[in-house]
Amino acid sequence: MKYLQRSYYKSSKESIDNFFSNSQFGDKMLEMKLRHDWEIIMGKVIAERASIIEINDGVLSLKVNSAALRNELSMNMSKFIEHLNKNTKEGFIKQIIFK
């Protein structure tokens, strides 16, 4: 019986990461992580006034209860997106819509 070369073997972590990166499950897992860690990522004050409605194809829809906060977030949109992507995956959030 021939033995497979070591390069054919993958660790469980590599297999799971590969599965999630090549499927819709990966995006849903990142969305769940973002929802779960929303207060930690954004801080308590912002988390109380802004909530995630949905994430669809890189577009984050937020419900913002404060006009001042909506204005502040929209003025600093690129920094806001960069901060969110640091806590999930680079390029996961591409655009934000405020409702």
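The rules we used
- Residues numbered from 1 in each chain as written.
- Predicted model: local features only at pLDDT ≥ 70, side-chain atom pairs only at ≥ 80, totals over all residues.
- Heavy atoms only, no water.
- Helix = DSSP H or I, 4+ residues; strand = E, 2+ residues; numbered from the N terminus.
- Buried < 20%, exposed > 50% of the residue type's maximum accessible area, 1.4 Å probe, protein only.
- Contact = heavy atoms within 4.5 Å.
- Areas by Shrake-Rupley, 256 points an atom, 1.4 Å probe, with all protein chains shown as cover.
- Arc of directions from axis to C-beta.
- Pairing = 2+ DSSP bridges.
- Axes fitted to C-alpha atoms, helices over the stretch in contact; angles between N-to-C directions.
- Salt bridge = Lys/Arg side-chain N within 4 Å of Asp/Glu carboxyl O.

(A) The arrangement of the overall build of the chain in detail. Along the chain, the regular secondary structure elements total six helices and three strands. The order of α-helices and β-strands along the chain, N terminus first, is α-α-α-α-β-β-α-α-β. For the chain, the proportion of its 99 residues judged to be buried stands at 28%. Considering only contacts in the chain between residues 6 or more positions apart, those separated by 24 or more positions represent 47%. Here the chain has roughly 7500 Å² of accessible surface; of this, 54% comes from carbon and sulfur atoms.

(B) Inspection of helix H6 (residues 77-87) at higher detail. Of all the residues in H6, the buried ones are Phe 80, Ile 81, Leu 84 and Asn 85. Taken down its axis, H6 places every buried residue within 130° of arc, on the same side. Exposed side chains of H6 directed beyond 90 degrees from the buried face belong to Ser 78, Lys 79 and Lys 86.

(C) Structural view of unusual backbone geometry. Although it is not a glycine, Asp 57 adopts a positive phi angle of roughly 50°. Under the relative-accessibility criterion, Asp 57 is labelled exposed at 72%.

(D) Just the sheet that holds strand E1 (residues 50-56), in detail. With mixed pairing, the three strands of this open sheet are ordered in space as E1-E2-E3. At either end of the open sheet lies a strand with only one pairing partner, and these are E1 and strand E3 (95-98). Here the average twist between neighbouring strands, direction ignored, is 25°. Where strand E2 (residues 59-64) lies against E3, four bridges are found, and the strand directions are parallel. By the bridge assignment for E3, Ser 61 is matched with Ile 97.

(E) Just the pattern of salt bridges, in detail. One pass over the structure, following the stated rule, counts four salt bridges. Across the pair Glu 31 and Lys 28 runs a salt bridge, and its minimum N-O distance is 3.4 Å. Placement of both Glu 31 and Lys 28 in helix H2 (residues 24-36) is noted, with a separation of three residues, approximately one turn of the helix. You can call Glu 31 buried: its relative accessible area is 9%. In this structure Lys 28 comes out as partly exposed when scored by relative accessible area, which is 48%. A salt bridge links Glu 31 to Arg 35; the shortest N-O distance between them is 3.1 Å.

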